[in-house]
Amino acid sequence: MIRLQSLDRCPLCQCPQIKLFKKGTVVPERIRADDFKITDSHYGTRWTFFSCRQCGFVFANPTPAQGAIAQFYAALADEEYSQEDEGRGRNFSNILRRLRPHAPPGSTLLDVGAASGIFLNLARNAGYRVAGIEPSAALVADAEKFYGLKLFCGTMEHFPAGEKFAVITLLDVLEHVTDPVAFFSVLSGFLAPGGMLVIVTPDIGSLAARILGGRWWHYRVAHINFFNRSSLDWLLEKHGFEITLRKRFAWNFSAYYLLTRLLPYLKGKALQKPLKKLHLKLQLSDSWEIYARKKEK
Ligand SMILES: [Zn+2]
């Protein structure tokens, strides 16, 4: 059984004025490692969420205790994720294109939550000197097998950083982190003064989140935090970052991937090949893509 912790204040800004945001459907006794898959198709399963009146942060309450979900990520295997590398590769190429003016190829780049290394492989091919952190041993093995990348297997707290990086990327990571403030303190220590941080994370303030309500596709067991514009600003400002580019992010997936999220029984059917070739852009634009510079002290 997963260890839970009840919160009486906002874990981000510490304001005690919090209120129920959405009632949950999660049954903690039934949570398994598979629920933390990146490609998890059980949408709509969610924690009970509270929101903060002061900063707008939305957080699971009760929430998994610090370290309580690390074992799930460590045990995670996700074959489907690596198979979606073409669509994800397109998303990631766009990120590299926008990063370039802020941090040119040749810069050091650390990807936290690197999964099977799809992004890092592209970054390395573009000329960046890359390193990655990934808690899942199976995904670390995939990264080596597919791309010859050697990732650090574990969490950021244990990463033996010898150098400070020019770029750190957090691509769909913040919504998984049990304590974003503690996480940012560690992360800031790995980033050189003047270094760039790239964040992609779902936007709970987006039109899609508000219209779809409990059916919003970002509600899933692995997502325990949701940011909006003001809570992200709060987090970045507190840690000495200045936002240089903020845009809405639209994911790019194959038709096969999107259809099997909606209709899981189609998995492995004859349609697979043509649908995997057909790429669609999910124009919900319900994530943030943010480029922020760490101020020089
Ligand atoms: Zn708050």
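Model, not experiment: these values are computed from the prediction.

A. Highlighting the overall build of the chain. The secondary structure content of the chain amounts to 10 helices and 15 strands. In the chain, buried positions account for 43% of the 297 residues. The contacts of the chain with a sequence gap of at least 6 include a subset with a gap of at least 24, amounting to 77%.

B. Up close: the sheet that holds strand β7 (residues 129-134). Read from one edge to the other, the open sheet built from 7 strands follows the order β8-β7-β6-β9-β10-β15-β12, with strand pairing classed as mixed. Where the open sheet ends on each side, the last strands, each with one partner, are β8 (152-153) and β12 (241-249). Alignment of strand β6 (residues 108-112) against β7, held across 5 bridges, turns out to be parallel. The residue of β7 that forms the bridge with Leu-109 is Val-130. Running over the sheet, helix α4 (residues 118-125) touches β6, β7 and β9 (165-171) and is turned about 170° from β7.

C. Examining α4 more closely. With 6 of 8 residues buried, α4 lies mostly within the body of the structure. Of all the positions in α4, only Ile-118, Phe-119, Leu-120, Asn-121, Leu-122 and Ala-123 are classed as buried. Two residues or fewer past α4, Gly-127 is found with a positive phi of approximately 110°.

D. Representation of the pairing of β6 in the model. Burial analysis of β6 places 4 of its 5 residues in the buried class, the great majority of the element. Handedness of the crossover joining β6 and β7 through α4: right-handed. Taken together, the 3 bridges between β6 and β9 define a ladder with parallel strand orientation. From the neighbouring strand, Leu-109 faces β9, where its bridge partner is Val-167.

E. Representation of the pairing of β9. Most of β9 is tucked away: 7 of the 7 residues are buried. Bridge count between β9 and strand β10 (residues 191-202): 6 bridges; the pairing is parallel. Across the sheet, Thr-169 pairs through a bridge with Val-198, a residue of β10. Taking the sense of rotation as the criterion, the β-α-β connection linking β9, helix α6 (residues 180-190) and β10 turns out right-handed.

F. The arrangement of the nonpolar core in detail. With 74 residues, the main nonpolar core has Val-167 and Ile-168 as its most contacted residues. If we skip the residues at most four places from it in the chain, Val-167 touches Leu-99, Ala-103, Ser-107, Thr-108, Leu-109, Gly-195, Met-196 and Val-198.

G. Expanded view of unusual backbone geometry. In this structure, the amide linkage connecting Asn-61 to the following residue, Pro-62, adopts the cis form with an omega of 0°. Within the secondary structure, Pro-62 sits in the loop between β4 (58-60) and β5 (63-64). Although it is not a glycine, Ala-115 sits at a positive phi angle of roughly 50°. Within the secondary structure layout, Ala-115 lies in the loop between β6 and α4. Notably, Asp-172 is not glycine yet its phi reads approximately 60°, a positive angle. If you trace the backbone, Asp-172 turns up in the loop between β9 and α6.

H. The arrangement of the sheet that holds strand β11 (residues 225-226) in detail. A sheet is described by the order of its strands in space; here 4 strands give the open sequence β2-β3-β4-β11, paired in antiparallel fashion. At either margin of the open sheet sits one strand with a lone partner, and together these are β2 (18-22) and β11. In this sheet, strand β3 (residues 49-52) lies alongside β2 in antiparallel orientation, the contact comprising 4 bridges. The residue bridging Lys-22 from the neighbouring strand is Phe-49, located in β3.

I. Up close: the confidence of the model for the chain. Looking at the chain as a whole, the pLDDT averages 86, with 82% of positions reaching at least 70. The spread of mean pLDDT over the elements of the chain runs between strand β14 (residues 279-281), the lowest at 60, and β6, the highest at 98.

J. Focus on α6. Three or more residues of α6 are buried, namely Pro-180, Phe-183, Phe-184 and Leu-187. The arc that holds the buried residues of α6, viewed along the axis, is 95°, so those residues lie on one side. Residues of α6 that are exposed and point over 90 degrees away from its buried face: Ser-185 and Gly-189. Structurally, α6 contributes buried residues whose contacts are with β6, β9, β10, β11 and α8 (229-238).

K. Seen up close, the environment of Thr-201. The topology assignment puts Thr-201 in strand β10. In sequence terms Thr-201 and Asn-228 are 27 residues apart; their C-alpha atoms lie 9.2 Å from each other. Setting aside residues up to four positions removed in sequence, Thr-201 forms contacts with Asp-172, Leu-174, Glu-175, Phe-227, Ser-287 and Trp-288.

Definitions and cut-offs
Residues numbered from 1 in each chain as written. Predicted model: local features only at pLDDT ≥ 70, side-chain atom pairs only at ≥ 80, totals over all residues. Helix = DSSP H or I, 4+ residues; strand = E, 2+ residues; numbered from the N terminus. Buried ≥ 20, exposed ≤ 12 C-beta atoms within 10 Å, placed from the backbone. Contact = placed C-beta atoms within 7 Å. Pairing = 2+ DSSP bridges. Axes fitted to C-alpha atoms, helices over the stretch in contact; angles between N-to-C directions. Right-handed = clockwise from strand over helix to strand, strands pointing away. Core = buried A, V, L, I, M, F, W, Y, C linked by C-beta atoms within 7 Å. pLDDT = per-residue confidence, 0-100. Arc of directions from axis to C-beta.

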